[in-house]
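Geometric and topological summary
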Amino acid sequence: MRFDLMRAAAVLLLIAGLLPATAAEARQFKRIRDVSVDCSDALICDVSTYNAQSELYTVIFRRRSSRDAPLELVLGVRETLAAGSEVVMQVDGREILRLPVSELSYRAAVYEYTFKGEAEIAALVDAARSGQELRVSFRARGADTVSTFSLAGFVAGLTFMDEQQGRVGREDALQADGGAPAAGGETVREITSFAAIPFQIRNEFADRPSAACGGLAEERFAGLGGFEANTGNETFLIGLPCGAGDADNQPYAFWERTGSRFRSVPLPVMTGDGPSTAEEAWNIAWDQDSLQLTGYFEGRGNGDCGEYNRWAWREVSGRYAFVLVEARVNGECDGDAAGGPDTWPLVWPPEGQP
């Protein structure tokens with residue numbers, strides 16, 4: 001897309017308004033020994049342990065970002081559990097929970113069973129903090145089965161979840177409890193249905209050719225999820241999956257909301273012809289603490305080529321806008337994905353510029 005000189009000058013202003021190159025990078029995922037922590041853009045975080053060989057292959061402790069959000073227990077399965085059976089959970093040989101399958105909520109679309117008993121989950125977490133192994137007994141396909149999970153890294157995983165959700169030192173922290181009162185209100189809310197999209201922009205997702213973000217099934221939208229983030233001064237940033245995408249890449253579009261007013265927000269990018277703007281970012285991660293967004297377009301599935309961008313959400317000339325902080329491109333799909341995007345050739349800022 002070509003732009004006239006005035007728009008190009010505006011793009012240059014956004015690109016030139018750099019933050020220091022040492023600004024914090026969005027961090028949504030971390031593996032700690034045998035435990036993984038994965039947080040969505042709306043800061044819904046999962047602390048998970050896996051056994052890829054089992055029919056019941058993952059045990060997840062999930063928590064949303066809101067102040068009073070309880071911890072949920074989620075079991076990922078390949079086959080449904082036998083009706084009328086029980087799930088028994090032991091830590092280092094000591095039984096902690098015995099849950100009738102009838103008390104679990106099942107989401108067939110994602111093969112997950114969810115349990116929300118706060119006291120029971122708290123007892124399991126307390127045992128897991130000092131435990132080495134979690135054993136889960138269950139019945140599936142007509143057979144009694146036991147699946148074992150390592151708890152190495154569990155305590156550090158809880159701490160990382162607290163950090164990502166801004167709970168460190170607060171009374172609502174799971175691990176890093178300092179006794180400070182929990183903060184009021186949510187800074188980020190999750191958007192996982194078309195009905196949750198503000199009605200002023202909902203038509204952009206309609207199933208019609210003229211809709212900017214059409215062609216995206218609601219089930220896929222729900223699985224990807226979007227967010228609305230409070231970024232200060234009564235300004236909110238909305239990021240939503242936009243268009244169908246494919247197995248490797250999903251585009252997202254962005255809007256600024258101030259009161260009932262909405263404004264589509266472009267993203268400054270560097271191209272072979274110089275500075276430009278894009279209407280979408282790919283495979284995003286949003287960091288609420290630093291107000292930074294990353295986008296990563298995979299040239300192919302093994303991640304050995306593509307484009308990586310990092311933007312800061314900042315006030316520029318009296319209104320909020322994205323400022324390009326870092327851009328890297330690797331156009332050579334050479335089969336070497338070991339270094340990741342951080343090692344790709346830098347196209348912004350220029351070499352030697354802070």
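Residues numbered from 1 in each chain as written. Predicted model: local features only at pLDDT ≥ 70, side-chain atom pairs only at ≥ 80, totals over all residues. Heavy atoms only, no water.

**Thoughts on helix α2 (residues 118-129)**
- With 12 residues, α2 extends 16 Å from end C-alpha to end C-alpha; this agrees with the ideal 16 Å at 1.5 Å per step.
- When α2 is considered as a whole, its buried residues turn out to be I121, L124, V125, A127 and A128. Each buried residue of α2 lies within a common arc of 165° when the element is viewed along its axis, so the set occupies one face. With respect to the buried face of α2, the exposed residues turned more than 90 degrees away are E118 and A119. (Helix = DSSP H or I, 4+ residues; strand = E, 2+ residues; numbered from the N terminus. Expected span 1.5 Å × (residues − 1). Buried < 20%, exposed > 50% of the residue type's maximum accessible area, 1.4 Å probe, protein only. Arc of directions from axis to C-beta.)

**Side note on the pattern of salt bridges**
- Summed over all chains, the structure comprises 18 salt bridges.
- Put simply, R62 and E112 hold a salt bridge, and the shortest N to O gap is 3.3 Å. Residue R62 is found in strand β4 (residues 56-63), and its partner E112 is found in strand β9 (residues 112-115); the two are separated by 50 residues along the sequence. Summarising the burial analysis for this pair, R62 and E112 share the class buried. (Salt bridge = Lys/Arg side-chain N within 4 Å of Asp/Glu carboxyl O.)

**Focus: the sheet that holds strand β10 (residues 133-140)**
- A sheet is described by the order of its strands in space; here 4 strands give the open sequence β7-β6-β10-β11, paired in antiparallel fashion. Edge positions in the sheet fall to β7 (94-100) and β11 (143-150), since each has one partner strand and no second. The sheet shows a mean angle of 20° between the axes of neighbouring strands, taken without regard to direction.
- By the bridge criterion, 8 bridges tie β10 to β11 in an arrangement that is antiparallel. Residue F138 lies in a different strand from β11, and its bridge partner there is T145.
- Sitting on the sheet, α2 touches β6 (86-91), β7 and β10, and the angle it makes with β7 is about 150°. (Pairing = 2+ DSSP bridges. Axes fitted to C-alpha atoms, helices over the stretch in contact; angles between N-to-C directions. Contact = heavy atoms within 4.5 Å.)

**Side note on the nonpolar core**
- Grouped together as the largest cluster of nonpolar side chains are 40 residues, with contacts concentrated most on V59, F61, L73 and M89.
- Broken down by element, the residue count for this core peaks at 5 residues, all from α2.
- Contacts of F61, omitting those with residues within four sequence positions, involve C45, D46, V47, L71, E72, L73, I121, L124, V125, F154 and M161.
- Ranked by size, the runner-up nonpolar core spans 24 residues in total, among them A278, A281, L324 and W348. (Core = buried A, V, L, I, M, F, W, Y, C linked by side-chain atoms within 4.5 Å.)

**Some words on the pairing of strand β23 (residues 319-330)**
- The element β23 is extensively covered by neighbouring structure, given that 10 of its 12 residues are classed as buried.
- Across 11 bridges, the pairing between strand β22 (residues 306-316) and β23 is antiparallel. Its bridge partner lying in β23, G306 is registered against N330.
- With antiparallel pairing between neighbouring strands as the criterion, β22 and β23 make up a hairpin whose turn holds 2 residues, including S317 at a positive phi of roughly 55°.
- Sheet topology note: the β23/strand β24 (residues 346-348) ladder contains 2 bridges and is antiparallel. What sits directly across from A327, in β24, is W348.

**Considering the packing of aromatic side chains**
- Taken as a whole and assessed by the stated rule, the structure comprises 13 aromatic pairs.
- Plain terms: the ring middles of F205 and W255 are 6.0 Å apart, the flat faces sit at 50° to each other, and that makes the pair tilted. Here the residue F205 occupies a position in the loop between α4 (199-202) and α5 (218-224), and W255 occupies one in strand β15 (residues 251-258), the gap between them amounting to 50 residues. Accessibility classification places F205 together with W255 in one group, the buried group.
- Through pairs of rings, three or more aromatic residues link up here, namely F254, W311, W313, Y320 and F322.
- Its guanidinium or amino end placed over the ring of F236, R257 lies 4.2 Å from that ring's centre, counting from NZ or CZ. (Phe/Tyr/Trp six-rings, centres within 6.5 Å; stacked < 30°, edge-to-face > 60°. Lys NZ or Arg CZ within 6 Å of the ring centre and 35° of its normal.)

**Some remarks on the state of the cysteines**
- Overall, the coordinates contain 3 disulfides when judged by the stated rule.
- Two residues share a disulfide in this structure: C39 and C45, whose sulfurs sit 2.1 Å from each other. Residues C39 and C45 share a disulfide whose torsion about the S-S bond is about 110°; that sign makes it right-handed. With respect to class, C39 is no different from C45; both count as buried.
- For the chain, the bonded cysteines pair up as 1-2, 3-4, 5-6 when numbered in the order they occur along the sequence. (Disulfide = S-S within 2.5 Å.)

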